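# Architecture and fold: a report
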Amino acid sequence: MSDAFTSLHAASLVGIGLLNAGLGVQILRTRSDQDVVPLAGFLVGISLWTIPQGLLLVETDPTVGLVLSIVINAGAVIMATGLFHFALAYTGRTEWLRPGRLGLIYLGTCAWLVVIWTDPIHHWMHQPMEYTQVLLPVVEYQNVGYWLYVFWNWSLSAGGIFLFFVEFVDARGSGVYHKQSRLVVLAPLIPGAANVLAFGGVTAINYSVWGFGATGILIAIALYRYRWLDLVPIARDRVVDEMRDGYLVVDDDRRVVDYNSAARTLVGGDVSLGEPIRDVLPESGPVLDGDRGELTLSRGGRIVDATASIVGDERVDGAVLMLRDVTEQRRAERRFQALIENVSDVVVVVTGEGEITYVSPSVRTVLGYEPADLVGETVFEYVHEDDRPRAIEAFEQLRTGPDDETRFEYRGRHRDGSWIGLEGGSVDLLDNDIVGGVVVSIRDVTERNERERELERTNRRLDEFAGVVSHDLQSPLGMAKTYAGLARESRDPEDVAMVESVLDRMERMIRQFLTMARAGTTITETEPVDLRSVVERSWTATKTDGCTLERSLPSDWTVEGDADRLRHVFENLFRNAVDHNDRPVTVRVGVLETESDGGSHEIPRGIDEAREGDDVYRGFFVEDDGAGVPESVRPYVFERGHTTRREGAGFGLAIVRDVVEAHGWHVGVREGADGGARFEIETS
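What you are looking at is a predicted structure, and each value in this text was computed from that prediction instead of being measured. (Residues numbered from 1 in each chain as written. Predicted model: local features only at pLDDT ≥ 70, side-chain atom pairs only at ≥ 80, totals over all residues. Heavy atoms only, no water.)

### Focus on the pairing of strand β13 (residues 558-561)
Only one face of β13 is buried: it carries Val-559 and Gly-561, and the other face, with Thr-558 and Glu-560, is open. The pairing of strand β11 (residues 527-530) with β13 spans four bridges and is classified as antiparallel. Within the sheet, the bridge partner assigned to Pro-528 lies in β13 and is Glu-560. (Buried < 20%, exposed > 50% of the residue type's maximum accessible area, 1.4 Å probe, protein only. Helix = DSSP H or I, 4+ residues; strand = E, 2+ residues; numbered from the N terminus. Pairing = 2+ DSSP bridges.)

So this is what it looks like as structure tokens:
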């Protein structure tokens, strides 16, 4: 044995090798990440380099010494390759971790292992010598291949150390990251520097083998003291620092021990390590103490949401404070809320079972309800019972069908009990985390529907007018032309009189056309109308030819309507009674009265004064004591053009029907008390 080395040196090298081998095995057992495999390879390579060197110091058998030297050289290659591979993975150099590039490195390593194990044959690396009781490498016995082998190992080792050093320089934040990165750099740097010094002739002995003892110790400290591989600096740099959310870590004394750039921006000022959080963000106390799960605060013109997570172990009790800039989100929410609250349509959110969870304020205008009155109710309860089955079916199809949107038009119940036309659409957003329901948009289309119905009535009347004009006016017009031609030739006064008679008839028909057109228009403005005065004026304006009028109307009774159009009703009914009977008739006008007990009766004939009591009138009637209307004819009497007189146009009763329906009333015909015609108009 050389005087320079003792059994203690040999034992120390074996111990260093066993330490690193044990760390490698422990890492593989406790870490599932594939990135730690090259780290374990690095540590095993150290053990293959140090343990044989320790044994070589006391070995005297040349054959065993040769095998140990081969294992030493192979361990160096494995160690350098594992270090470089782990450095690439640790620092996130994903472009080098691709199979193509990484495969080239391992291909080179395998080639060197083949060269090392076959060197006793070709001696490309070492000259023949006796490897006993020496500390490798023995510089004076190396060939060219050995120096290429050294260059390969040093290149990989230097590359790994450089990557760790760059990570150390870039690492920022609390002491835990600095200490981790410092240990990671020093662990391979110490033996690497010792190896360089030995080969450079600075030191007479290559202390790198003992330097790997420091490597194992530093890695053990990093693993078990600073949780290396649990909190990797590269993860912080790439995840924490690049996060858009702010990140503040405080220790058990509520001092800042780590932060990222986003936190500094959101806090709106400088942040220093060790600074009390109460100075940096005084509003964060409630969330750090666990009194509140979330806090919204304003900092530097921004709206920030803050949440805290408690972290710690038996030594440390700290917290991670997350800050999120929600300025635009809050603005969007306020803008959306303003739109919802001010839009004329009603927005309703319901569950999958139809339960109302939200109603926009516009429901007050459309349906008369307060939003709070509807929350918790079932939406289908406010749909007309005739439309309800269709609404439920459409809702179920929306929930289960391929389409996530549907349109509808139903009748909805107003707060006052009336039914109004509603149109809208439904969108299934039950899977949306923010909405979590079916969104229903509703608008009142009652007026629109009424306009459409009025337009349909107008178009129908126009079609009828066109038919009447083309048919009923052509006949008298032809007669007028014929009699006019006869009058020119004969100059007979009777022919002229016939022309005048036909023209008078055409004038009456045109006047009735105009009346009929105006009568069918929907009445939008009404006023209290004294029915007695309307009856009197209508009777005076009608040629009664000796007929008699009897009134049975209360003196103070009024109806809501249009007085001018109601005159058309009475004038046409009076004219119908006079023209369709051969003798002077008596025409009676009275009220239809509904008693408080639910019965119905009429005011006795001849009573013209107001009645006392709580009687409610449901309408009025006009009847005569003439020939009446046959029961078979009654269904057709209100049709346009229906008449039993040759000179009649058949518009009178059609005008009556149009005016009554324009008021929203109902008219019917039946037999009168004296066998004549009785027309009943119900106003309520």
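### As for the confidence of the model for the protein chain
Residues at a pLDDT of 70 or more form 74% of the protein chain, whose mean pLDDT is 76. Contacts of residues 231-235 to residues separated by more than four positions or lying in other chains number 14 contacts, the stretch itself having pLDDT below 50. In this model residues 596-601 is a low-confidence stretch, pLDDT under 50, and it forms nine contacts with partners more than four residues away in sequence or in other chains. (pLDDT = per-residue confidence, 0-100. Contact = heavy atoms within 4.5 Å.)

### Notes on the side chain of Asn-449
If you trace the backbone, Asn-449 turns up in helix α16 (residues 446-472). Setting aside residues up to four positions removed in sequence, Asn-449 forms contacts with Glu-409 and Gly-421.

### A short note on the packing of helix α19 (residues 531-541) against helix α20 (residues 563-579)
Here α19 crosses α20 at 50°, and the two axes come no closer than 9 Å. Classed by the angle they form, the pair α19 and α20 counts as oblique. By crossing handedness, the relation of α19 to α20 is classed as right-handed. Between α19 and α20, the contacting residues are Leu-531, Val-534, Val-535, Arg-537, Ser-538, Trp-539 and Ala-541 on the first element and Ala-563, Leu-566, Arg-567, Phe-570, Glu-571 and Phe-574 on the second. Its residues placed into classes, the contact of α19 with α20 shows nine nonpolar, one polar and three charged. (Axes fitted to C-alpha atoms, helices over the stretch in contact; angles between N-to-C directions. Parallel < 35°, antiparallel > 145°, perpendicular 65-115°, else oblique. Left-handed = near helix turned anticlockwise from the far one by under 90°. Nonpolar A, V, L, I, M, F, W, Y, C, P; charged D, E, K, R; others polar.)

### Some details on empty space enclosed by the protein
Under the criterion given, the structure shown has two cavities of 30 Å³ or more. In this structure, the largest cavity encloses a volume near 380 Å³. Residue lining of the largest cavity: 26 residues in total, with Val-379, Val-383, Phe-408, Val-440 and Ile-442 positioned closest to the centre. Sorting the residues of the lining of the largest cavity by element identifies β6 (346-350), β7 (356-359), α15 (388-400), β8 (405-413), β9 (419-429) and β10 (437-444) as the ones contributing at least two each. No other element matches β8, which puts six residues into the lining of the largest cavity. When the residues that make up the lining of the largest cavity are grouped by side-chain class, the tally is 21 nonpolar, three polar and two charged. (1 Å grid on protein atoms, 1.4 Å probe; cavity = no way out; pocket = protein on both sides within 12 Å on 5 of 7 lines; lining within 4 Å. Points joined across faces, edges and corners; volume = space filled by probe spheres on them.)

### Side note on the pattern of salt bridges
Scanning the model with the defined rule gives 20 salt bridges in all. Here Asp-373 ties to Arg-415 by a salt bridge, and the two come within 3.2 Å at their closest N and O atoms. In this pair, Asp-373 sits in helix α14 (residues 371-374) while Arg-415 sits in the loop between β8 and β9, placing the two residues 42 residues apart along the sequence. The shortest N-O distance in the salt bridge between Glu-623 and Arg-588 comes to 2.4 Å. Taken together, the residues Glu-623 in strand β16 (residues 616-624) and Arg-588 in strand β14 (residues 586-594) connect sequence positions 35 residues apart. On the basis of relative accessible area, Arg-588 is assigned to the buried category, the value being 5%. One network of salt bridges, with partners in common, ties together Asp-345, Glu-409, Glu-423, Arg-443, Arg-448 and Glu-452. (Salt bridge = Lys/Arg side-chain N within 4 Å of Asp/Glu carboxyl O.)

### Quick look at helix α3 (residues 62-90)
Given a rise of 1.5 Å per residue, 29 residues ought to cover 42 Å, and the 41 Å separating the end C-alpha atoms of α3 matches this to within 8%. Among the 29 residues in α3, 23 count as buried, and that is most of the element. For α3, the N-terminal cap is Asp-61; the gap from its side-chain oxygen to the backbone nitrogen of Thr-63 is 3.0 Å. Residue Gly-92 follows α3 closely and has a positive phi angle near 75°. (Expected span 1.5 Å × (residues − 1). Polar contact = N/O pair within 3.5 Å; in protein donor to acceptor, adjacent residues only side chain to side chain.)

### Section: a nonpolar patch on the surface
A contiguous nonpolar surface patch, about 230 Å² in accessible area, is contributed by Leu-19, Ile-217 and Ile-221. Within the secondary structure, Ile-221 is located in helix α7 (residues 208-224). (Patch = residues over 30% accessible without salt bridge, like charges linked within 9 Å, V, L, I, M, F, W, Y side chains within 5 Å. Areas by Shrake-Rupley, 256 points an atom, 1.4 Å probe, with all protein chains shown as cover.)

### Things to note about the packing of helix α1 (residues 7-30) against helix α2 (residues 36-56)
Between α1 and α2, the shortest axis-to-axis distance is 7 Å and the interhelical angle comes to 160°. Regarding the angle of α1 to α2, the classification is roughly antiparallel. Every pair of crossing elements has a handedness; the one defined by α1 and α2 is left-handed. Where α1 approaches α2, its residues Ala-10, Leu-13, Val-14, Ile-16, Gly-17, Leu-18, Asn-20, Ala-21, Leu-23, Gly-24, Ile-27 and Leu-28 are matched on the opposing element by Val-36, Val-37, Leu-39, Ala-40, Leu-43, Ile-46, Ser-47, Thr-50, Ile-51, Gln-53, Gly-54 and Leu-55. Tallied by class, residues from the contact of α1 with α2 come to 17 nonpolar, seven polar and no charged.

### So, the sheet that holds β10
Strand order in the open sheet formed by five strands is β7-β6-β10-β9-β8, with antiparallel pairing between adjacent strands. Bordering the open sheet on either side are β7 and β8, each of which pairs with just one other strand. Strand after strand, the sheet turns through a mean of 25° between neighbouring axes, direction not considered. Alignment of β6 against β10, held across five bridges, turns out to be antiparallel.

### Quick notes on the packing of aromatic side chains
Considering all chains together, one arrives at 14 aromatic pairs under this definition. On the basis of an interplanar angle of 80° and a centroid distance of 5.4 Å, the ring pair of Tyr-369 and Tyr-382 is categorised as edge-to-face. In this pair, Tyr-369 sits in the loop between α13 (363-366) and α14 while Tyr-382 sits in the loop between α14 and α15, placing the two residues 13 residues apart along the sequence. For Tyr-369, a relative accessible area of 8% puts it in the buried group. A relative accessible area of 15% means that Tyr-382 is categorised as buried. Aromatic pair Trp-557 and Tyr-617: ring centres 5.2 Å apart, planes at 75°, arrangement edge-to-face. (Phe/Tyr/Trp six-rings, centres within 6.5 Å; stacked < 30°, edge-to-face > 60°.)

### A word on the pairing of strand β18 (residues 677-682)
Summarising burial for β18: five of the six residues are buried, a large majority. Bridge analysis of β16 against β18 gives five bridges, and the strand direction is antiparallel. The residue of β18 that forms the bridge with Glu-623 is Arg-678. In the sheet, strand β17 (residues 666-671) pairs with β18 via six bridges, with the strands oriented antiparallel. Opposite Val-669, over in β18, you have Phe-679 as the bridge partner. Counting the residues that bridge the hairpin from β17 to β18 gives five residues, and of these Gly-675 lies at a positive phi of roughly 90°.

### Some thoughts on the environment of Asp-624
Turning to its location among the elements, Asp-624 is positioned in strand β16. Asp-624 sits 48 residues away from Asn-576 along the chain, and the two C-alpha atoms are 9.8 Å apart. What Asp-624 contacts, discounting residues up to four positions off in sequence, is Ala-577, Asn-581, Val-585, Thr-586, Val-587, Gly-676 and Ala-677. From its side chain, Asp-624 meets the backbone nitrogen of Gly-626 in a polar contact 2.9 Å long.

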